[in-house]
Amino acid sequence: MGISGTGGLIAALVAACAAVGWLGVALVRARRLHRKALEDRRWLLERERESAARTAVDTERARIAQELHDIVSHNVSVMVVQAGAAREVLDTLPDEAAAALLAVEGAGRDAMTELRHLLGLLAPSQDGADGDDDSAGALSPQPSLSRLSPLIDRIAFAGLPVEVRVSGEPRKLPAGIDLTAYRIVQEALTNALKHAGGGKAEVTVRYADHCLRVEVLNSGPSVLAGDRPAPREPAPEEQGGAGRGLLGLRERVAVYGGELDARRRLGGGYRVRARIPLDRPIPLDRP
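So, a few notes on the structure that sits alongside this text.

Reading guide: rules and limits
Residues numbered from 1 in each chain as written. Predicted model: local features only at pLDDT ≥ 70, side-chain atom pairs only at ≥ 80, totals over all residues. Heavy atoms only, no water. Pairing = 2+ DSSP bridges. Helix = DSSP H or I, 4+ residues; strand = E, 2+ residues; numbered from the N terminus. Axes fitted to C-alpha atoms, helices over the stretch in contact; angles between N-to-C directions. Contact = heavy atoms within 4.5 Å. Parallel < 35°, antiparallel > 145°, perpendicular 65-115°, else oblique. Nonpolar A, V, L, I, M, F, W, Y, C, P; charged D, E, K, R; others polar. Buried < 20%, exposed > 50% of the residue type's maximum accessible area, 1.4 Å probe, protein only.

## A closer look at the sheet that holds strand S3 (residues 211-218)
Consider a sheet: its strands pair through backbone hydrogen bonds, and that pairing is either parallel or antiparallel.
Piece 1. In space, the five strands of this open sheet follow the order S1-S2-S3-S5-S4, with mixed pairing throughout. The strands lining the two open edges of the sheet, one partner per strand, are strand S1 (162-168) and strand S4 (259-264). Taken over all neighbouring pairs, the strand axes of this sheet differ in orientation by 10° on average, direction set aside.
Piece 2. This element, helix H4 (residues 175-195), spans S1, strand S2 (201-207), S3, S4 and strand S5 (270-277) of the sheet and lies at about 10° to S3.

## Description of the packing of helix H3 (residues 148-157) against H4
Piece 1. For the pair H3 and H4, interaxial distance at closest approach is 11 Å and the crossing angle is 0°. Here H3 lies roughly parallel to H4, going by the angle between them. Contacts between H3 and H4 pair Leu148, Leu151, Ile152, Arg154 and Ile155 from the former with Tyr182, Val185, Gln186, Leu189 and Leu193 from the latter.
Piece 2. Residues that form the contact of H3 with H4 fall into these classes: eight nonpolar, one polar and one charged.

## A look at the environment of valine 162
Piece 1. Turning to its location among the elements, valine 162 is positioned in strand S1.
Piece 2. Relative accessible area serves as the criterion here: at 19%, valine 162 is assigned to the buried category.
Piece 3. Sequence separation between valine 162 and asparagine 218 is 56 residues, and the spatial gap between their C-alpha atoms is 8.8 Å.

Here it is, written out as structure tokens:
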């Protein structure tokens, strides 16, 4: 082999070494970029998980706050009305005062039962029992439309007569929709009891093929006749929280793709109306 051939071989070896070196550098750079991309992706996933966790916590916190509002607002309102009635007739009509105080006691027990149920779901005890040891067996099922009668009786006894109409074929509803419908009636009747100042209320539950309709009407002074009473000064417990219950109900209904409308009636009083879609009819006797 001549000098020229040797020089060509050396040049080829040098070129090959340079190519290998360049490929090595490129490989190191590619690995570095890949590692950085993985780290960036891991960081994004962690941020997404943290954001999802915060959203879940906020959602659950709002749900718990709404449940507490529904439980406490209704029962305390009934207790305030009944305690006021008992105070007014304590000296003249002791039997009626005693009945009103029993209603206060009953509303308080109902509130404690529902609160224990809610707290038991949030923080069950180590032995699996919900609530206190002395009252764990007294827990009642989650409120539903099938348990409207005690609510109606309590509102009526507090001074607001209620007429209930059910149309369509009553059937088993998804638990969340059933609870939402109950809370709609509870909130509307509680507001009517606190603010209507007499009159009566009507509750209509309509089971349609593909939706559930709930409507609560209460009578009151007509805005057309101009006999609306002067607005009263809100009580301290009512200030700063106006509309919280109805806003919460709108959110509940919206979760199931429904709509809720609440407004003053021209003929007097208020109307709360909700429509909640149902996927398909479910027979009442189906397990």
